[in-house]
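Survey of secondary and tertiary structure
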Amino acid sequence: MTTTLAPEPTLDTPLVIGGRSFRSRLMVGTGKYRTNADMVHSIEASGAEIVTVAVRRVDLDRTKEEGVLHHLSPEQYFLLANTAGCYSADEAIRYARLAREAGFNDFVKLEVIGDRETLLPDGEGLLTATRELVRDGFKVLAYTNDDLITALRLQDAGAAAVMPLASPIGSGLGLLNPYSIRTIKRRLSVPVIVDAGVGTASDACLTMEQGVDGILMNTALAEAREPAAMAYAMRLAVDAGRAAFLAGRMPRREVAMPSSPVRGMLE
Amino acid sequence: MSEMAIVLNGEPRRVPGPATLLDLLGHLQLDPRTVVVELNREIVRRPLLAATPLSPGDSVELVHFVGGG
């Protein structure tokens, strides 16, 4: 017998952020890979279009070529600069403006960190920086806590997308509060992209099943034993979680329901 | 050509002068297309690098994109 796979029943539409349309709902970072080849292969395997980068001083000793554009083509990927490492609104605004001057786009992944141990975001600094950057013409994607009120205020401040965390940056603890993420997604009209904390494919799938618009991850790929293989797993997980969300899951029940007829049993 | 003292990426440094910001990048063998320049906390856009002179005591930051999440 020959079987052919039915065409994929696609229910999805493109992801639109700040007026730009993207096919992939998985976004990936470029930090912490053991080698540049690992980074490049992982990004390719992930199918991501949006790739994050950081702004740092040029190494004037020139002991190594550390510029990421040496390895990644800006024509091939949408470069999303972050303000990682910034602890105040002013500092984050400065980094965002430097990033924009590099000349690729006016999007910024805004981070204003409030605590060095947990790297949790500073809601007040985020709001101040978001307002200023939006006034200055930026499309702000704001990395924030899994807190509905802060998320709503960031949307009101003009954020193009809100990026609540699954768990702290680099922790790999997975989705700690599905309820919060689900609620943020339900209440916001701008895209909700979960950023940080995803550790493995099941985390990504579970996160997408909450209905969010996408996931951004870095460490889960960079620190996997085989980064490109994990990137492929994450791509499948994001697609599976998204497809399951759109398909609409069955209700949960506390008791069993037979799947086979109860009538017609032998005496 | 004489030298002048500036602060470059936070470190005191002597560079050839008089010079423009574009000259400085040339001296450091940096491609102006891959670097963003801040002079005394103000961004200097690429088309203006050749027209912006360096003065002794200036603080210059040279940044670019590196791997990050």
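The model shown is predicted, which means the values in this text are computed figures rather than measured ones. (Residues numbered from 1 in each chain as written. Chains lettered and ligands numbered in written order. Predicted model: local features only at pLDDT ≥ 70, side-chain atom pairs only at ≥ 80, totals over all residues. Heavy atoms only, no water.)

**Overview of a positive patch on the surface**
In plain terms, the rule: Each patch is built from residues lacking any salt bridge and having more than 30% relative accessible area; the joining distance is 9 Å for like charges and 5 Å for nonpolar side chains (Val, Leu, Ile, Met, Phe, Trp, Tyr). Using a 1.4 Å probe, accessible areas were evaluated by the Shrake-Rupley method; residue-level cover was limited to the displayed protein chains. Salt bridges are defined by distance alone: a side-chain nitrogen of Lys or Arg within 4 Å of a carboxyl oxygen of Asp or Glu. Positive residues here are Lys and Arg, negative ones are Asp and Glu, while His and the chain termini are left out of the count. In plain terms, the charge of a residue is placed at NZ if it is Lys, CZ if Arg, CG if Asp and CD if Glu. A run of H or I in DSSP counts as a helix once it spans at least four residues, and a run of E counts as a strand once it spans at least two, with each numbered from the N terminus.
A cluster of basic side chains, namely Arg182, Arg186, Arg187, Arg249 and Arg252 of chain A, defines a positive patch on the protein surface. Mapping arginine 249 of chain A onto the fold places it in the segment after α8 (227-247).

**Digging into the environment of valine 58 of chain A**
Residue and element names in this part refer to chain A. Heads up, the condition is: When accessible area is computed with a 1.4 Å probe and restricted to protein chains, residues below 20% of their type maximum are described as buried, those above 50% as exposed, and intermediate ones as partly exposed.
Checked against the element boundaries, valine 58 lands in the loop between β4 (50-57) and β5 (78-82). Residue classification places valine 58 among the buried residues on the basis of a relative accessible area of 7%. Sequence separation between valine 58 and alanine 160 is 102 residues, and the spatial gap between their C-alpha atoms is 30 Å.

**Considerations on the packing of aromatic side chains**
Note the cut-off: The criterion for an aromatic pair is that two Phe, Tyr or Trp rings (for Trp, the six-membered ring) have centres within 6.5 Å, with stacked assigned to planes under 30 degrees apart, edge-to-face to planes over 60 apart and tilted to the rest. Criterion for a charge above a ring: Lys NZ or Arg CZ within 6 Å of the ring centre, and within 35 degrees of the ring normal.
Using the criterion set out here, one finds 3 aromatic pairs over all chains in the structure. Here phenylalanine 22 of chain A and phenylalanine 78 of chain A contribute two aromatic rings whose centre-to-centre distance is 5.3 Å and whose plane-to-plane angle is 75°, an arrangement assigned as edge-to-face. Residue phenylalanine 22 of chain A is found in strand β2 (residues 20-22), and its partner phenylalanine 78 of chain A is found in strand β5; the two are separated by 56 residues along the sequence. Both residues of the pair, phenylalanine 22 of chain A and phenylalanine 78 of chain A, belong to the buried class. Ring geometry for phenylalanine 104 of chain A and phenylalanine 65 of chain B: centres 6.0 Å apart, planes at 35°, overall tilted. Placement of phenylalanine 104 of chain A in the loop between α2 (89-101) and β6 (107-110) and of phenylalanine 65 of chain B in strand β5 (residues 59-67) is noted, with the two residues assigned to different chains. Taking relative accessible area as the criterion, phenylalanine 104 of chain A reaches 35% and is therefore assigned partly exposed. An aromatic cluster of three or more residues is present, and its members are Phe22, Phe78 and Phe107 of chain A. Just above the ring of tyrosine 143 of chain A sits the side chain of lysine 109 of chain A; from NZ or CZ to the centre is 5.6 Å. The ring of tyrosine 87 of chain A is capped by arginine 116 of chain A, whose NZ or CZ atom sits 4.0 Å from the centre of that ring.

**Quick look at the side chain of aspartate 195 of chain A**
All names here are of chain A. Selection rule: Under this definition, polar contacts are N or O atom pairs within 3.5 Å; protein pairs additionally need one hydrogen-donor-capable and one acceptor-capable atom, and for neighbouring residues in sequence, both atoms have to be side-chain atoms. Every residue pair with non-hydrogen atoms within 4.5 Å of one another is taken to be in contact.
Note that aspartate 195 resides in strand β9 (residues 193-195). Given a relative accessible area of 5%, aspartate 195 falls into the buried group. Here lysine 109 takes part through its side chain, which lies 2.9 Å from a polar atom of the side chain of aspartate 195. Not counting chain neighbours up to four residues away, the residues in contact with aspartate 195 comprise Lys109, Tyr143, Met163, Pro164, Leu165, Ala166 and Leu216.

**Structural notes on the interface of chain B and chain A**
Going by this rule: Accessible-area loss on putting two parts together, using a 1.4 Å probe and summing over both, is the definition of buried area adopted here.
Tallying the contact residues gives 23 residues for chain B and 28 residues for chain A. At the boundary of chain B with chain A, total buried surface from both sides reaches about 2400 Å², with 59% on carbon and sulfur atoms. Together, His64, Phe65 and Gly69 of chain B form the three largest contributors to the area buried by chain B at its contact with chain A, with a combined 31%. Scanning the region where chain B abuts chain A turns up 3 salt bridges. Residue arginine 57 of chain A pairs with glutamate 61 of chain B through a salt bridge whose shortest N-O separation is 2.8 Å. At the surface where chain B touches chain A, the tally comes to 13 residue pairs in polar contact (both at pLDDT 80 or more). Taken together, the elements giving at least two residues each to the side of chain B that touches chain A come down to β3 (36-39) and β5 of chain B. Top contributing element to the side of chain B that touches chain A by residue count: β5 of chain B, with 7 residues.

**Some words on the nonpolar core**
For clarity, the threshold we go by: Note on terminology: a nonpolar core comprises buried Ala, Val, Leu, Ile, Met, Phe, Trp, Tyr and Cys residues joined through side-chain atoms within 4.5 Å.
Core analysis: the biggest nonpolar cluster contains 65 residues, and Leu188 and Met217 of chain A have the highest contact counts within it. Ranked by residue count, the leading element in this core is α2 of chain A, at 6 residues. Setting aside chain neighbours within four positions, we find methionine 217 of chain A in contact with Leu26, Met27, Val28, Gly29, Val198, Ala204 and Met234 of chain A. Leu60 of chain A together with Met4, Leu24 and Val35 of chain B belong to the second-largest nonpolar core, a separate cluster that totals 19 residues.

**Concerning unusual backbone geometry**
Geometrically, the link from glycine 17 of chain B to proline 18 of chain B is a cis peptide bond, its omega value of 0° lying close to zero. With respect to the secondary-structure elements, proline 18 of chain B resides in the loop between β2 (11-17) and α1 (21-27).

**Focus: helix α4 (residues 148-156) of chain A**
Here α4 of chain A has its buried residues at Leu148, Thr150, Ala151, Leu152, Leu154 and Gln155 of chain A. Buried positions along α4 of chain A lie against α3 (123-135), β7 (139-144), β8 (161-164) and α5 (178-187) of chain A.

**A look at helix α1 (residues 36-46) of chain A**
All names here are of chain A. What counts is decided by this rule: Directions pointing from the helix axis toward each C-beta atom define the arc.
For α1, the set of buried residues is Met39, Ser42, Ile43, Ala45 and Ser46. Each buried residue of α1 lies within a common arc of 165° when the element is viewed along its axis, so the set occupies one face. In this structure, the buried residues of α1 make contact with β3 (26-28), β4 and α8. Where α1 ends, the next residue or the one after it, glycine 47, has phi of about 70°, a positive value.

**Quick word on the pairing of strand β1 (residues 2-8) of chain B**
All names here are of chain B. To be explicit about the condition: Strands are treated as partners if at least two bridges between them are detected by DSSP.
When β1 meets β2, the two strands line up antiparallel, connected through 7 bridges. Within the sheet, the bridge partner assigned to serine 2 lies in β2 and is glycine 17. Linking β1 back to β2 in an antiparallel pair, the connection comprises 2 residues, with asparagine 9 at a positive phi of about 45°. In this sheet, β5 lies alongside β1 in parallel orientation, the contact comprising 2 bridges.

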